[in-house]
Amino acid sequence: MTWGPALRAADPQLGRCDALKTDWMTGVMFYLRTPTPVVHGHINCLDSPWAVTGIGQMQFWDVRDFSRDYGDGQAHECLSTIISEWDKPGILYGKTARECTKDEIVAELWAQLKDGLNDSGKTTLRDEDRLGWFMDPAVTGLGGPDPQNREQLLIHPTGTLYHRPSARTAVPNFFLAGDYVRTDVDLATMEGANESARRAVNALLDTDNSGAERCHIWELFRPPEMEPLKRVDEVRYQLGLPNTFDLG
């Protein structure tokens, strides 16, 4: 963090940010010939060794014609994917993502996506639909002895919410916004960063005694049918027992 001793003394929560951790969470954008609606929202390939997630971008671009406005007109979908586990072997080469070259990562990631999405007799991703790909240039040195990622993402293991600062600080003219700020979303995502910005704006308006309309804050929907399972899990955790669904 960039804030110095004076700011840390003015608000102790800023010093706790030193305990926050980052890790590699980046991936590849695949450009496809045909629209490929998978799900209205995010994709989570739960059994993928590289903890692959993704999202089809075109479902959110109602006001843009992607194929007309970008590229040579052939691409009708952008499947944006993320690798969250860089230290476990994949299914093609038996290597971790950090050990793979850029081309090997693309091939491995595509294979894990197809393994997760082409099931139950349905083919969602086809090799012939793939036009090209783009990988985050912040990741360098892949396939070499010292791979680097200069844009790592905040991770938040259990118990680390306490270390994340609030949008309002004890310093009257100092407000925080970003994916590291404590929010109801509680994830290092664009949605969390957006919520933190809304909270920062509201805190600023409150401090200024402004009559301006406040930003709306949406709370994350939590399915009520899951609450009993959460309570059981909390009791089991306090007793030192594994989660009910842990099979190992």
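Residues numbered from 1 in each chain as written. Predicted model: local features only at pLDDT ≥ 70, side-chain atom pairs only at ≥ 80, totals over all residues. Heavy atoms only, no water.

Comments concerning helix α4 (residues 102-117)
Quick note on the threshold: What counts as a helix is a DSSP run of H or I of at least four residues, what counts as a strand is a run of E of at least two, and both are numbered from the N terminus. In this analysis, the expected span of each helix is defined as 1.5 Å times one less than the number of residues it contains. Only protein chains enter the accessibility calculation, which uses a 1.4 Å probe; a residue is then buried when its area is under 20% of its type maximum, exposed when over 50%, and partly exposed in between. Contact criterion: two residues are considered in contact whenever any of their non-hydrogen atoms come within 4.5 Å of each other.
Relative to the 22 Å expected for 16 residues at 1.5 Å per residue, α4 spans 22 Å between its end C-alpha atoms, a close match to the ideal helical length. Within the span of α4, buried status applies to E104, I105, V106, E108, L109, W110, A111, Q112, L113 and L117. Elements that come into contact with the buried residues of α4 comprise β2 (26-32), β3 (42-44), β4 (52-56), β5 (77-83) and β6 (130-135).

As for the layout of surface pockets
Remark: the empty space left among the atoms is shown by a probe the size of a water molecule rolled over them. Threshold: Detection works on a 1 Å grid of protein atoms alone, calling trapped sets that fit a 1.4 Å probe cavities and calling open sets with protein on both sides within 12 Å along at least five of seven lines pockets, with lining residues defined by an atom within 4 Å of a point. Grid points are joined across faces, edges and corners, and a volume is the space filled by probe spheres set on the points. Just so you know the grouping, Ala, Val, Leu, Ile, Met, Phe, Trp, Tyr, Cys and Pro go in nonpolar, Asp, Glu, Lys and Arg go in charged, and all remaining residues, Gly too, go in polar.
By volume, the largest pocket amounts to about 1,300 Å³. Together, 36 residues line the largest pocket, and H42, I82, A188, T189 and M190 are the ones closest to its centre. Taken together, the elements giving at least two residues each to the lining of the largest pocket come down to β2, β3, β4, β5, β6, β9 (153-155) and α5 (190-207). Class assignment for the residues of the lining of the largest pocket results in 19 nonpolar, 14 polar and three charged. Empty space within the second largest pocket amounts to approximately 450 Å³. Lining the second largest pocket we find 13 residues, and of these H156, P157, T158, G159 and D186 sit closest to its centre. Its residues assigned to classes, the lining of the second largest pocket comprises three nonpolar, four polar and six charged.

Topic: the environment of Q59
Topologically, Q59 is positioned in the loop between β4 and α3 (66-69). On a C-alpha basis, the gap between Q59 and I82 in space is 18 Å, while along the polypeptide they are 23 residues apart. Filtering out sequence-adjacent residues up to four positions away, Q59 remains in contact with V39, H40 and G41.

Purely geometric numbers; function is a separate question.
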